[in-house]
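Structural description and commentary
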Amino acid sequence: MPHAPSRKQLHTLVSGVLNKTPLVDLHTHLYDPALGPVLLWGIDELVTYHYLVAEFFRARPDFGYDAFWALSKTDQADLIWRELFVLRSPLSEACRGVLTVLHRLGLDTKTKDLKQARRYFQKRKARDYVDQVLKEANIKRLYMTNDPMDPLEAPGWEKGFDRDPRFLGVLRLDSAIMNWPDGASRLRAMGYAVDDGLTGNTLSQIRRYLNTWCDRFDARYMAISLPPTFRYPDIHSPLTTLITKTVIPVAAERDIPVAMMIGVKKLVNPALRLAGDSVGKSDIDTVEALARDFGNIRFLLTMLARENMHELCIAARKFKNITPFGCWWFLNNPSLINEITRMRLETLGLSFVPQHSDARVLDQLIYKWAHSRTIIGEALTDKYADLCATGWLPTKSEIERDVKQLFDIAL
Ligand code: RAT
Ligand code: ZN
């Protein structure tokens, strides 16, 4: 009988498989390079990531919000770099991420200014850099966040372009249906004859909008981020009505999943702009009721509050049409990824998607995936070690199969 491997041997095996397997990124804010400048990359974008903007104001509470936003992007980056990387140690996860990127690109991380990095990026071309980053991060496919109402990306889609098959389309719903009737005038401007009231005709026009744009994006799923107050059933809520009477029927007809990201309190501090959103505890009964009443829909589900993570695992045990995914935003920290991944493995086996990057800047794929692979590798190693203790010995090909089941979601 073969000997049980030591933890060290198992770890080498598991992390080797994880690092070598090209993974799929289920949710990003990255774009097909053919869409042009809407795809963000490079040092100034990295350093002005909204996670770091929030941290800048922790370091400099004396600095005015308006004064910060009035600066050019380069000046904002210089200021953030000085405050968070030069005047104090960059210990936070978002700061560490910038350093991981620079390090992996072969740049000096302990510099007083960003000149060296700027020189490096000036020499890069977007398309080649996409190849370089996807290779370094070992990501084979990623899902975008496509918004028909985004003036920066919509014209590109209307014109049409040759798709990069690694960048898959996702119809984002927030701009059209959140805080109804906010989206009504935008829909009318796009040629959809909607009223502010949710009449039968309005609902059918919105379904037409969803179908038209799912076609145009070749959308693999539709996605929405929801506040902690979101409830189903709720006959008084326009949002709930729009989800049940437009999004869900269109998803059913097209046989595509609906992704719900629940728990964001938008703009609790508007002065922080993109960095101004917060977290709230959401309602798991709502998730269970949706999964029960719409058993024909696959719900990709993530929640923002740590407090919701355990009950989401249990809801997924009860409803096969719920797929928990990722450690979202404020949960995308090593200590929490560790806790959440172990809990999911223990309650769901391999039937969840451990992580997505949420990258807004291309280069972030490098750090978000490097950091997550490390933590997930530790958690998996311990789980296989527990099996070894029973005499069950995993083979390399079984580990490869398992990693593929976890990450290789095909939609
Ligand atoms: O993680 C983020 O960058 C957030 O600002 C949001 O984009 C969130 O992930 C979302 O998709 O709404
Ligand atoms: Zn996101």
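Presented here is a report on the structure given in the accompanying data block. Source: prediction; values computed, not measured. (Residues numbered from 1 in each chain as written. Chains lettered and ligands numbered in written order. Predicted model: local features only at pLDDT ≥ 70, side-chain atom pairs only at ≥ 80, totals over all residues. Heavy atoms only, no water.)

A word on the packing of aromatic side chains
The criterion, for reference: Stacked, edge-to-face and tilted are the three classes for Phe, Tyr and Trp ring pairs, Trp counted by its six-membered ring, which pair at centre distances within 6.5 Å; planes under 30 degrees apart are stacked, over 60 edge-to-face, the rest tilted. For a ring to carry a charge above it, either NZ of a lysine or CZ of an arginine must fall within 6 Å of the ring centroid while also lying within 35 degrees of the normal to the ring plane.
Within this structure, the stated rule accounts for 21 aromatic pairs. Members of the aromatic cluster, joined through ring pairs, are Phe56, Phe57, Phe63, Tyr65, Phe68 and Trp69. Here the basic side chain of arginine 216 rests over the ring of tryptophan 213, its NZ or CZ set 4.5 Å away from the ring centre.

Focus on the pairing of strand E5 (residues 258–262)
Here is the rule: Burial here depends on accessible area, computed with a 1.4 Å probe over protein chains only, as a share of the maximum for the residue type. Under 20% is buried, over 50% is exposed, and the range in between is partly exposed. Strands here are runs of E lasting at least two residues and helices are runs of H or I lasting at least four, both read from the DSSP assignment and numbered beginning at the N terminus. Two strands make a pair as long as DSSP finds a minimum of two bridges between them. When the strands point away from the viewer, a crossover counts as right-handed if the route from the first strand across the helix to the second turns clockwise.
For E5, a buried count of five out of five residues is recorded, marking the element as mostly surrounded by other parts of the structure. Burial along E5 is two-sided: the face carrying Val258, Met260 and Ile262 and the face carrying Ala259 and Met261 are both buried. Relative to E5, strand E4 (residues 219–226) is paired through five bridges, and the arrangement is parallel. Across the sheet, residue isoleucine 224 finds its bridge partner in E5, namely methionine 260. For the crossover that starts at E4, traverses helix H13 (residues 238–254) and ends in the parallel E5, the hand is right-handed. Pairing of E5 with strand E8 (residues 299–303), which is carried by five bridges, proceeds in the parallel orientation. Bridging from a neighbouring strand, isoleucine 262 pairs with methionine 303 of E8.

Concerning the site of ligand 1
So the rule is basically this: Here, proximity means that at least one heavy atom of the residue falls within 4 Å of the molecule or strand. Between N or O atoms, a polar contact is any pair within 3.5 Å; within protein, one atom must be a potential hydrogen donor and the other a potential acceptor, and residues adjacent in sequence are included only when both atoms are from side chains. Note on areas: Shrake-Rupley, 1.4 Å probe, and residue coverage restricted to the protein chains presented here. The classification used treats Ala, Val, Leu, Ile, Met, Phe, Trp, Tyr, Cys and Pro as nonpolar, Asp, Glu, Lys and Arg as charged, and all other residues, Gly among them, as polar.
Lining the immediate environment of ligand 1, one finds His27, His29, His50, Tyr51, Arg172, Ser225, Met261, Trp328, Trp329, Asp358 and Arg360. One of the side-chain nitrogen or oxygen atoms of histidine 29 is found 2.9 Å away from an oxygen atom of ligand 1. Between ligand 1 and arginine 360, the relevant distance is 2.5 Å, taken from an oxygen atom to a side-chain nitrogen or oxygen of the residue. Coverage of ligand 1 by the protein amounts to 98% of the 310 Å² it exposes when considered alone. The residue makeup of the shell around ligand 1, split by class, is four nonpolar, four polar and three charged.

Considering the packing of helix H1 (residues 7–20) against helix H18 (residues 396–407)
Note the threshold: Axis definition: a line fitted to C-alpha atoms, limited for helices to the stretch in contact. Angles are taken between N-to-C directions and run from 0 to 180 degrees. Oblique is the label for any angle not covered by the other classes, which are roughly parallel (under 35 degrees), roughly antiparallel (over 145) and roughly perpendicular (65 to 115). Definitions for this section: a left-handed crossing has its near helix turned counterclockwise from the far helix by less than a right angle. A right-handed crossing has that turn clockwise. The contact definition used throughout considers only heavy atoms, calling two residues in contact when any of these lie within 4.5 Å.
Contact pair H1 / H18: the axes reach a minimum separation of 10 Å and the direction vectors enclose 45°. As far as their axial angle goes, H18 and H1 are oblique. Crossing geometry of H1 relative to H18 is assigned as right-handed. Contact with H1, carried on its side by Leu13, Val14, Val17 and Leu18, involves Lys396, Ile399, Glu400, Val403 and Phe407 of H18 and no other residues of that element.

Looking at the environment of methionine 261
Among the secondary structure elements, methionine 261 is positioned in strand E5. On the basis of relative accessibility, which here comes to 2%, the residue methionine 261 falls in the buried class. Residues methionine 261 and serine 225, 36 residues apart in the sequence, show an inter-C-alpha distance of 4.5 Å. Leaving out residues up to four positions away in the same chain, methionine 261 has contacts with His27, Arg172, Ile224, Ser225, Leu226, Thr302, Phe325, Trp328 and Asp358.

A look at the sheet that holds E5
The strand order across the open sheet built from seven strands is E1-E2-E3-E4-E5-E8-E9, with neighbouring strands paired in parallel fashion. Each edge of the open sheet is held by one strand with a lone partner, namely strand E1 (23–25) and strand E9 (322–324). Here the strands of the sheet are splayed against their neighbours by 25° on average, with no regard to which way each runs. The sheet contact formed by E8 and E9 spans three bridges and is parallel. Bridging from a neighbouring strand, leucine 300 pairs with threonine 323 of E9. Each of strand E3 (167–172) and E4 touches helix H12 (residues 200–217); the most contacted strand, E3, lies at about 170° to it. In the packing of helix H17 (residues 364–388) onto the sheet, the strands contacted are E1 and strand E2 (139–143), and the crossing angle to E1 comes to about 120°.

Observations regarding the side chain of aspartate 283
Assignment of secondary structure puts aspartate 283 in the loop between strand E7 (278–279) and helix H14 (284–293). The class of aspartate 283 is buried, set by a relative accessible area of 18%. Within polar-contact distance, the side chain of aspartate 283 engages the side chain of threonine 286 at 2.5 Å. Aspartate 283 has contacts with Pro228, Phe230 and Arg231, leaving out every residue within four places of it along the chain.

Comments concerning the pairing of E2
In this sheet, E2 lies alongside E1 in parallel orientation, the contact comprising three bridges. By the bridge assignment for E2, valine 24 is matched with arginine 141. Pairing analysis gives two bridges linking E2 to E3, with the strands arranged parallel. The residue bridging tyrosine 143 from the neighbouring strand is leucine 168, located in E3.

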